[in-house]
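# Reading the structure
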Amino acid sequence: MKVYQFTEQPYFPTWKDHSGSLRVNLLNRKCDPRVASDLFHRYYDEWQLSDELGLDIMLNEHHQTATCMSSTVVVGLSVLSRITKNARLLVLGYPIGHRPDPLRVAEELSTIDVISRGRLDMGFIKGVPYEFPASNQNPVGVMDRYWEALDFIVKAMTTHDQVFNWEGEYFHYRQVNVWPRVWQEPHPPIWSTTGSTTQARVLGERGYVMATLGSGYNTRPLYDAYRRGYLSKWGKAPGPDRFAYLGLVGVAKDKDEARKRGDLVAGYLRSSGIVHVPYRNPPGFLSVEDNARLLRGQTPPRSYTKDGRTVDMRTASTEDLIDAGILFCGTPDEVYDQIVDFCDYCGGMGNLLMMGHAGFLSPEQTADNLTLFAREVYPRLKAWRQPDAEQVAAAAAADKAQNPAASVRPGDLVDATITAN
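Once that is clear, we can look at the overall build of the protein. Scanning the protein from N- to C-terminus turns up 14 helices and 13 strands. Relative to the globule expectation of 22 Å for 421 residues, the C-alpha radius of gyration of the protein, 20 Å, shows essentially globular dimensions. Of the roughly 16,900 Å² of accessible surface on the protein, 50% is carried by carbon and sulfur atoms. In the protein, 46 positive and 50 negative side-chain charges are present, and the distance between their average locations comes to 1 Å.

What follows is the structure in structure tokens.
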């Protein structure tokens, strides 16, 4: 298993000083650039510590929000590609669904791959609904734009012996010839996120690494849909390395202190969805089916425990978040057991996206959180044997054959999760 340390790089001083929205229309007068500078330097220091501890690193991008100051993720990637030495740098994600220029994306990420000497993992996303006002893009047809942009980026990165033109539905280019060319051949690994079983199957067919964010014990049907898509295209079961999961982590020697840390990290869940109502679900962003699930209350912020209890991530207790597999929290032994139990339930998972910092967790608590995890949990996770991929895929196929509706279960998620990038 690989573990990527993640923080959204929040500007948390405003979290208790807003008028009902932490995104889009929270005036930047509330941002003190000196405080922001100190916070950025702190987050880079903690990522350098992660690198020294043997952890990998994850970054993301959001816009016009105090929940995430990383509005230009290529800047963070540029800094980290130079100041870290060993960690893989995962961008999850790069919102190409509403970016106007995928050629620029290809150029930026190719350069990062070269500077880091081949340590880049490329995670592409369509973006959350609140991003569309900021980008002035139409959410209708966003996935068509997404797939065309992704296909173009791949072609631009893998074409080395000719200059080509691109005439698509959304993008048009002449004389495409990306310099520098990528370090990793044929291109850096591709990741994407989803909370939809339909999209999960597509990602399986494409063979990309699939990440789910805050999906808790509803993750298994998403992984099974991916497995069916992968098996249909590639003729074999996907390994655990094809699956990733974002989980919050609070670990300490003392159980009570661990719970305090877990509660502070869970501030991410309580803040990320605070947004002015008109920006939450712009027309066209969700399909008719997904909007129906949203109205029925079958989508986040609700999640589910292993025994089927419903949990609202915005208001849930620390214990409920642990029961739902959203928060891994406790002593090193407890955290290890929780992660292994979750992975067993999901049929294997090879990449843990660890939110080891969020909100009001102090620098000292964060450093201890990362250090304890890296030294007392991570070595055991790397030694743990994942479930057999072929047996898991066979079981998923048998379940699908006996229950054709299994790919759309009552708790099925959609792409517009409040915690998705």
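After that view of the structure, there is still more to cover.
The next thing to look at is the environment of Phe12. Along the chain, Phe12 turns up in the loop between strand E1 (2-6) and helix H1 (33-53). The buried category is assigned to Phe12, whose relative accessible area is 15%. The sequence separation of Phe12 and Cys68 amounts to 56 residues, and the corresponding C-alpha distance is 9.0 Å. Discounting residues that sit within four places of it in the chain, Phe12 has contacts with Leu39, Arg42, Tyr43, Ala66, Gly359 and Phe360.

With that settled, consider the environment of Pro283. For Pro283, the location among the structural elements is in the loop between helix H9 (267-271) and helix H10 (288-295). For Pro283, a relative accessible area of 70% translates into the label exposed. Put simply, Pro283 and Asp368 are 85 residues apart on the chain and 44 Å apart in space, counted from C-alpha to C-alpha. With sequence-adjacent residues up to four places away left out, Pro283 is seen in contact with Pro139 and Val140.

In this section: the packing of aromatic side chains. For the structure on display, the rule yields 17 aromatic pairs. Summarising the aromatic geometry, the rings of Tyr4 and Trp191 are spaced 5.5 Å apart at their centres and angled 80° between planes, so their arrangement reads as edge-to-face. Within this pair, whereas Tyr4 is found in strand E1, its partner Trp191 is found in strand E7 (residues 190-193), the two being separated by 187 residues in sequence. With centroids separated by 6.0 Å and ring planes inclined at 25°, the aromatic side chains of Tyr226 and Tyr230 adopt a geometry described as stacked. Taken as a pair, Tyr226 and Tyr230 lie in helix H7 (residues 219-234) at a separation of four residues, close to a single helical turn. For the pair Tyr226 and Tyr230, one class covers both residues: buried. Taken together, Tyr217, Tyr245, Phe328, Phe342 and Tyr345 form an aromatic cluster joined through their ring pairs. When the ring centre of Phe360 is taken as reference, the NZ or CZ atom of Lys16 above it lies at 5.2 Å. Across from the ring centre of Phe164, 4.7 Å away, lies the NZ or CZ of Lys155, which sits over that ring.

Further remarks concern unusual backbone geometry. Residue Gly93 follows Leu92 across a cis peptide bond; omega there is 15°. The topology assignment puts Gly93 in strand E3 (residues 89-95). Positive phi, normally seen in glycine, also occurs at Val24, with a value near 65°. Tracing the backbone through its elements, the reader meets Val24 in the loop between E1 and H1. The backbone of Gln175 sits at a positive phi, close to 55°, despite the residue not being glycine. Its place among the elements puts Gln175 in strand E6 (residues 172-176). For Gln175, a relative accessible area of 58% puts it in the exposed group.

Right, let's get into helix H2 (residues 73-83). All of the buried residues in H2 are Val73, Val74, Gly76, Leu77, Leu80 and Ser81. All buried residues of H2 lie within an arc of 155° about the axis, which places them on one face of the element. Those residues of H2 that are buried are in contact with H1, strand E2 (56-59), E3, helix H3 (102-115) and strand E4 (120-125).

Here is what the cut-offs are and how they apply
Residues numbered from 1 in each chain as written. Predicted model: local features only at pLDDT ≥ 70, side-chain atom pairs only at ≥ 80, totals over all residues. Heavy atoms only, no water. Helix = DSSP H or I, 4+ residues; strand = E, 2+ residues; numbered from the N terminus. Rg over C-alpha atoms; globule rule 2.2 N^0.38 Å. Areas by Shrake-Rupley, 256 points an atom, 1.4 Å probe, with all protein chains shown as cover. Lys, Arg positive; Asp, Glu negative; His and termini not counted. Charge placed at Lys NZ, Arg CZ, Asp CG, Glu CD. Buried < 20%, exposed > 50% of the residue type's maximum accessible area, 1.4 Å probe, protein only. Contact = heavy atoms within 4.5 Å. Phe/Tyr/Trp six-rings, centres within 6.5 Å; stacked < 30°, edge-to-face > 60°. Lys NZ or Arg CZ within 6 Å of the ring centre and 35° of its normal. Arc of directions from axis to C-beta.

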